[in-house]
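A closer look at the structure
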Amino acid sequence: MPAQARSLTRPQAAQLEAAVAAYGRGQPAEAAARLQPLVAEAPFAADAWHLLGVCRAQLGEDAAAETAFAQALTLQPEHPQLLVNAATLLRRQGRMAEAVPLLRRAVLVAPGAVPAWYDLGLAEYGQGHLAQARAALQRALALDPAHAAAWELLGSVLRGEDRLADARTALQRAVELAPQAATAWINLGAVCRLLGDPGLALAHYRKAEALGYAGMELGDAIAGALLDLGQTEEAIAQARATVRRFPQAAQAHLTLAHLRWEHDPDAQGPRDPLLELDSHARQQPDNLPLQQGYIGLLLRAGRAELALERLQALAEAEGALPLALQALQADAYDQLGEAVRAGALYARLQAAGGDREPAFLDAHARHLLRTGRPEAALDCLQQALAMRP
């Protein structure tokens, strides 16, 4: 780190050195305990503020870390690593729009700083700015062609731009450089599946599985590849295994229900997949994504009365329904021919900010079509697409 604008006293310098040593030993709490009184005595000590921010961030004390970084930036506004560290904290909190300006300053003052370009790519990607993310990652890779994580992220960006062949090339490079990176194998499998090669996709998914990757999305992806290969029974078995392993994961339950609904010839009567899903939903009344998915499937199956019964039970147990479930309630009224009641509920939800939710806009568009207002429905769908391209 650069020298201080004013000199520390000899005891203060020794305190800073001791904090640096503690941090180097992997003891951020001890380092922070030494730094806190130091910055109180010497508030001009930018290096101390910077290291204090790093320590607080590692300890999960985000508010204190942000304060420390802000103090350091007032003293060293063009310090590239400080800018990157402050931006990383914001990015980790999902505050991408605040992180990007800091990272742009970092690459401006240190155009050869690969971590700054990579983090800028991450932050731009997090905002959905694909072209800007691609440009930043390409700069990072021009400086360091062996940066496996940058190749992997570039693959995701290119996939988002629907440049699937280029995405595959980038992801292949990522797994060549880092063959133990399970997420790169999963992303490569997803691109291969989109390119119409489910067999190769499955092989890549199995590689990630062999590496010990334990995320629900891998089980979901394997089930999809098996289905693409025509191995329906194996796909259903995989989906069921994923549900057992991740009982709280709504998407796992919905994948199993969809597979059984569409591809299991015995899925009727007591083997109705919605009965199984109903059982899981009743066991997890606080799992909003699971409730939403289950009720949505009831509506797709034309079981609006059952959907309303479930919504009423949730309302009695939990109080006011979340907006997403109220939108499904309005959709159920629509299916039962109660257009006036549905329209009144949609109007209330729209006034409450529902038009900021794609799920609400989708349901409202269906209502508008049913009530003979196609132009308004098209407007709703265009808004939903703008939010969820």
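That block above? That's the structure.
Description of the structure in this document. (Residues numbered from 1 in each chain as written. Predicted model: local features only at pLDDT ≥ 70, side-chain atom pairs only at ≥ 80, totals over all residues. Heavy atoms only, no water.)

A few words now on empty space enclosed by the protein. A water-sized probe, rolled over the atoms, reveals where empty space remains. A complete count under the given rule lists 1 cavity of 30 Å³ or more for this structure. One number sums up the size of the largest cavity: a volume of about 40 Å³. Taken together, His253, Leu256, Ala257, Pro273, Glu276, Leu277 and His280 make up the full set of residues lining the largest cavity. With 4 residues, the single largest contributor to the lining of the largest cavity is helix 16 (residues 273-283). (1 Å grid on protein atoms, 1.4 Å probe; cavity = no way out; pocket = protein on both sides within 12 Å on 5 of 7 lines; lining within 4 Å. Points joined across faces, edges and corners; volume = space filled by probe spheres on them. Helix = DSSP H or I, 4+ residues; strand = E, 2+ residues; numbered from the N terminus.)

This part is about helix 5 (residues 80-92). Between its first and last C-alpha, helix 5 extends 18 Å over 13 residues, near the 18 Å set by a 1.5 Å rise per residue. Among all positions of helix 5, only Leu82, Leu83, Val84, Ala86, Ala87, Leu89, Leu90 and Arg91 are buried. With its phi angle positive at about 80 degrees, Gly94 sits one or two positions after the end of helix 5. (Expected span 1.5 Å × (residues − 1). Buried < 20%, exposed > 50% of the residue type's maximum accessible area, 1.4 Å probe, protein only.)

We now examine the packing of helix 12 (residues 198-210) against helix 13 (residues 216-228). Between helix 12 and helix 13, the least distance of the axes is 9 Å, while the angle of their chain directions is 155 degrees. Taken together, the axes of helix 12 and helix 13 are roughly antiparallel relative to one another. Between helix 12 and helix 13 the crossing geometry is left-handed. Across the interface between the two elements, Pro198, Leu202, Tyr205, Arg206, Ala208 and Glu209 from helix 12 touch Leu218, Ala221, Ile222, Ala225, Leu226 and Asp228 from helix 13. (Axes fitted to C-alpha atoms, helices over the stretch in contact; angles between N-to-C directions. Parallel < 35°, antiparallel > 145°, perpendicular 65-115°, else oblique. Left-handed = near helix turned anticlockwise from the far one by under 90°. Contact = heavy atoms within 4.5 Å.)

With that out of the way, let us pick up the packing of aromatic side chains. Per the counting criterion, the structure on display carries 1 aromatic pair. Look at Tyr346 and Phe360: their rings are 5.9 Å apart centre to centre, the planes differ by 65 degrees, and that puts the pair in the edge-to-face class. Pair noted here: Tyr346 is in helix 20 (residues 339-351) and Phe360 is in helix 21 (residues 358-370), with a separation of 14 residues, a long-range link. The class for Tyr346 is buried, based on a relative accessible area of 1%. (Phe/Tyr/Trp six-rings, centres within 6.5 Å; stacked < 30°, edge-to-face > 60°.)

Attention now goes to the packing of helix 10 (residues 164-177) against helix 11 (residues 182-194). Put simply, helix 10 and helix 11 touch, their axes get as near as 9 Å, and they point 155 degrees apart. Taken together, the axes of helix 10 and helix 11 lie roughly antiparallel to each other. Helix 10 and helix 11 meet at a crossing whose hand is left-handed. Here Leu164, Ala167, Arg168, Leu171, Gln172, Ala174 and Val175 of helix 10 lie close against helix 11, whose contacting residues are Ala184, Trp185, Asn187, Leu188, Val191, Cys192 and Leu194. Here the contact of helix 10 with helix 11 is composed, by residue class, of 11 nonpolar, 2 polar and 1 charged. (Nonpolar A, V, L, I, M, F, W, Y, C, P; charged D, E, K, R; others polar.)

Attention now moves to the pattern of salt bridges. If the charged atoms of two oppositely charged side chains come close together, the side chains can form a pair. Within this structure, the stated rule accounts for 23 salt bridges. Asp166 serves as the salt-bridge partner of Arg163, at 3.1 Å between the closest nitrogen and oxygen. The class for Arg163 is partly exposed, based on a relative accessible area of 34%. Residues Asp278 and Arg282 are paired through a salt bridge, measuring 2.8 Å at the closest nitrogen-oxygen approach. (Salt bridge = Lys/Arg side-chain N within 4 Å of Asp/Glu carboxyl O.)

Time to look at the layout of surface pockets. Quantified by volume, the largest pocket comes out at close to 310 Å³. Forming the walls of the largest pocket are 18 residues, and the residues nearest its centre are Gln292, Gly296, Leu297, Leu328 and Arg366. Counting residues per element, the ones that place at least two in the lining of the largest pocket are helix 15 (250-263), helix 17 (288-300), helix 19 (323-335) and helix 21. It is helix 17 that provides the largest number of residues to the lining of the largest pocket, a total of 6 residues. Counted by class, the lining of the largest pocket contains 8 nonpolar, 5 polar and 5 charged residues.

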